[in-house]
Amino acid sequence: MSSPNNHHSIPGPEDIFRQVLPNGITLLTRSNFNSASVVISGYVASGSVYDPLEKLGLAHFSALGLTRGTQNADFQTIFDRLESVGASLGFGASVHNTSFGGRSLAEDLPLLLSTLADCLMNPTFPVEQMERLRAQLLTGLAIRAQDTADMAALEFDAQLFPNHAYGRPEDGFTHTISAITQPDLVAFHRKYYRPEQMILVIVGAVQPAKAADLVARYLGGWLGNCEVLKPALPAIHPPKDSIRKHIRIPGKSQADIIMGTLGPKRKAPEYLPALLGNSILGQFGMMGRIGESVREKAGLAYYASTSLNAWPESGSWEVSAGVNPKNVERAIDLVKEELHRFVTELVTEAELEDNKSNFIGRLPLMLESNSGVANSLLNLERFDLGLDYLQRYPQRIRAISREEILAAARKYIDPEKLVVISAGPGKKGKAG
Amino acid sequence: MTDQITKTRLSNGLTILLKEIHTSPIISHWVWYRVGSRYEVPGKTGISHWVEHMQFKGTPRYPAGILDQAISRDGGMWNAFTHLDWTTFFETMPADKIDLALDLESDRMFNSRFDSEEVDSERTVIISEREGSENEPLFKLDEAVQQSAFSHHPYRNEVIGSMQDLHTIQRDDLYAHYRRYYNPANAVVAVAGDFESSRMLDALTGIYASKPGQVVEPPSYPQDLLKEEKRVEVSGEGETTFLEIAYRAPAGNNPDFFPFTIFDSLLTGPTSLNMFGGGGISNKTSRLYRKLVETEYAISVNGSLQATFDPFLYTITITVHPKRKPEEVLTRVDEVLQSLLESPVSTAEIERASKQARALFAYGSENITNQGFWLGYSEMFAEYSWFLNYVDQLTRVTPDNLLKCAQEYIGNAGRVIGIYTPKGGK
């Protein structure tokens, strides 16, 4: 019933325009004149990896502080300009980067880019605004302390990545956020915000040449010092034994479970087989094999699924579920049974074909909107995948074998050596 | 971009809406039923949502599990939602795979099994869903405010239902509810995306025209006015105090809905009508943000206005600053409301709110699933022209009718004040 027309093609070298500015900013642009708007997305390499232990949350605090006032505009002026035209712009820190994202009608792209540039280059972190922001961050942490899923995730990361930035929360702790001073924010910005490792993606109703002109105008004058920062990070080792902890949060009706182990880093050769295997394990259809076991058959949970998170240095392979406190151990046992099966038996031919078909078939859906394309382009650049990656993707997926999935599963998952965390009511160390 | 809309009604009462969009090889197919918590009676709250869950449990042709796999295999996504006035199911698929969606939705409109064992297993899944919500302080506060805001209208109940009813509803109750409301005369099929309308209409007519339709008159309820100020208090764990203020809002098809939308935009920031993609706009220049967050009376403030069949609620939800008391915050909210009740706002402010709505509209249009959602959603309380004229209607709002609307729905009306007090709070 299809009637092919002026479809977007899959983005590739012929329509992704990539250029590196003299100051080191990498710009990727793709036009889409079917839409009336533009999306920007990108990052600078100033993540929580540079947070001092006693000031965890510094990168996060500074990222949120960028829009609170610059040498050219105060907080209300910045947001009055953006909101008046229905534009949005936001910043946030992860372990490696401070990311930004924004959108506007196409006619307002100059405003969006000039605001981005002003916030990145000239923030002043006004004291009064920083105290206001601090109170907001601390309230966020008080709410986090009551969130069973957040608290389970926090402990899971801490146990899986001891002594590593991946094991520490980007939003810090109450005492570390309280310890950060305004001069800390200014110094962090001065040291770590720089154009050399910045990536900027622009997708939407704009010609690449016009986008490049605007970026050169607003961000071309940002001078770095040509030094590429590379954080020193310790080696990561898989868990030596099983770890089981329960975080007690009284007054809750449901417990959250997060269990798992390390996963491949993004550039590992087994990343795609692991990703396809993860889909079979806990994504495909109604949350894969684990959804079938824990939700559909046992009726224990509204959600029970898996995720594979891959970063530059390592990754995590996680199962999460929300269950009644009395069912925590039963749900953990069911998940372990599925993990055991996953590392001892090949997935079936039918599972392999179904999931390959899903991975390839969903590409148009992932790429229909400007933000979908922008996120994909950002990943291409971040992990050096090549501008033709999305076009080669179906072929790569088709080539994956059942044996490669089993090998990837065995390389990372040992069902006898898992980190298993629950959070909810019950005694500390014991759920239910 | 093609903007051609086809709207047809088959003789069995099924409404069909089609919108061709040829920007991506994708089709989004939605089936909407006029049933939700608004249609539920005491003792059976949550039954509509549970029926929605059972629609994923299989028919003789598509047994449980087969459906999920079939959609996923083709690279599609699907889901379902139950709300106050409606229940909806959608599939967004590569365009050449859409026949599967058409077939399975029509199949489960008539042939879902409602197997007893599956009903029992789903009971615990839904109880678990509710327990997950109960973990959230704002769910508890919302539930209390909603209960207090209606004396008899079923909008007083949470869509998921009360825990007591979730324990007692039986298989035959669910099946009877399904048979009554799931039929062509009570449904809207909405399809957006990469197809030719004439061929899509032929396909849908072929599938549905021979099926019987049974008109279900929507229940009507006497006006449930909120005449006075009521207070509800909820307490629980944590350190954070929340304040929720609820007023009766105009129904979606009431012309007052448009000035009220502008009112909400000025007060708490623009609300996005996009369910899929597009995101929203921050509210840092809204009147309440400036009055509460910039002065450190609140950590955050948000407004919620929904287009509904009967008048529902306009709610303002505030995370109270740790050094303030909810009463102090309420006083400041009232000062802002008072200023909007005393004198008309400027035309420029209304124009600004209209531009924001136009931008949000453009963002949402990029996504075909969202376009499919808009097609059917508006039919649940008005008709699709409501959506087409939405931005236009907002630009026609004048300072005078905004003032009149504020006086009617805020100034001369009752309200519910809900406060969540943390047990560990100061």
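All values reported here derive from a predicted model rather than from experimental measurement.

About the criteria used
- Residues numbered from 1 in each chain as written.
- Chains lettered and ligands numbered in written order.
- Predicted model: local features only at pLDDT ≥ 70, side-chain atom pairs only at ≥ 80, totals over all residues.
- Domains from an automatic or database assignment.
- Contact = placed C-beta atoms within 7 Å.
- Helix = DSSP H or I, 4+ residues; strand = E, 2+ residues; numbered from the N terminus.
- Nonpolar A, V, L, I, M, F, W, Y, C, P; charged D, E, K, R; others polar.
- Pairing = 2+ DSSP bridges.
- Axes fitted to C-alpha atoms, helices over the stretch in contact; angles between N-to-C directions.
- Buried ≥ 20, exposed ≤ 12 C-beta atoms within 10 Å, placed from the backbone.
- Parallel < 35°, antiparallel > 145°, perpendicular 65-115°, else oblique.

### A short note on the domain arrangement of chain A
Residue and element names in this part refer to chain A. As far as domains go, chain A holds domain 1 (17-219) and domain 2 (243-424). A straight line from the C-alpha centre of domain 1 to that of domain 2 covers 28 Å. Contacts between the two partners involve 28 residues from domain 1 and, on the opposite side, 31 residues from domain 2. Secondary structure elements with two or more residues in the side of domain 1 that touches domain 2: β2 (26-31), β3 (37-44), α5 (148-160) and β6 (199-204). Considering every element that reaches the side of domain 1 that touches domain 2, the biggest residue donor is α5, with nine residues. Considering only residue class, the side of domain 1 that touches domain 2 consists of 14 nonpolar, eleven polar and three charged.

### Examining the domain arrangement of chain B
Residues and elements named next belong to chain B. Taken domain by domain, chain B holds domain 1 (5-208) and domain 2 (229-422). The interface of domain 1 with domain 2 comprises 36 residues on the first partner and 28 residues on the second. Within the residue set of the side of domain 1 that touches domain 2, elements represented by two or more residues are β1 (5-9), β2 (15-20), β3 (26-33), β5 (87-94), α5 (137-149) and β6 (187-193). Counting residues per element, the side of domain 1 that touches domain 2 draws most heavily on α5, at nine residues.

### A short note on the interface of chain B and chain A
Where interface size is quoted, it is often the accessible area lost as the parts come together. Contacts between the two partners involve 63 residues from chain B, matched on the other side by 60 residues from chain A. Top contributing element to the side of chain B that touches chain A by residue count: helix α4 (residues 116-134) of chain B, with nine residues. Here the side of chain B that touches chain A is built from residues that sort into 19 nonpolar, 24 polar and 20 charged.

### Regarding the sheet that holds strand β4 (residues 77-82) of chain B
Residues and elements named next belong to chain B. The mixed open sheet is built from six strands, whose spatial order is β1-β2-β6-β3-β5-β4. Of all strands in the sheet, those with a lone pairing partner are β1 and β4, marking the two edges. Between one strand and the next, the sheet's axes are offset by a mean angle of 10°, whatever the strand orientation. In this sheet, β6 lies alongside β3 in antiparallel orientation, the contact comprising seven bridges. Across the sheet, Trp 30 pairs through a bridge with Ala 190, a residue of β6. Docked against the sheet, helix α1 (residues 47-54) engages β4 and β5, running at close to 160° with respect to β4.

### Considering the pairing of strand β4 (residues 88-93) of chain A
Residue and element names in this part refer to chain A. Burial along β4 is one-sided: Leu 89, Phe 91 and Ala 93 are buried, while Ser 88, Gly 90 and Gly 92, pointing the other way, are not. In this structure, β4 lies alongside strand β5 (residues 98-105), joined through six bridges in antiparallel fashion. Bridging from a neighbouring strand, Phe 91 pairs with Phe 100 of β5. Where β4 folds back onto β5 in an antiparallel hairpin, the turn is made up of four residues.

### Considerations on the sheet that holds strand β9 (residues 301-310) of chain A
All names here are of chain A. The five strands lie next to each other as β7-β11-β8-β10-β9, forming an open sheet whose pairing is mixed. Of all the strands in the sheet, just β7 (243-248) and β9 have a single pairing partner and so form its edges. Sheet twist, expressed as the mean angle between neighbouring strand axes with direction ignored, is 15°. Judged from the six bridges that link them, β7 and strand β11 (residues 419-424) form a sheet pairing that is parallel. Paired with Lys 245 across the bridge in β11 is Ile 421. In the packing of helix α9 (residues 271-282) onto the sheet, contacts are made with β8 (255-263), β9 and β10 (315-323), and the angle to β9 comes to roughly 180°.

### With respect to the packing of helix α9 (residues 257-268) of chain B against helix α12 (residues 347-365) of chain B
Residue and element names in this part refer to chain B. Remark: α9 packs on α12, axes separated minimally by 10 Å, with the N-to-C direction vectors making an angle of 95°. Judged by the angle between their axes, α9 and α12 are roughly perpendicular. Between α9 and α12, the contacting residues are Ile 262, Ser 265 and Leu 266 on the first element and Glu 349, Ile 350, Ala 353 and Gln 356 on the second. A per-class count over the contact of α9 with α12 returns four nonpolar, two polar and one charged.

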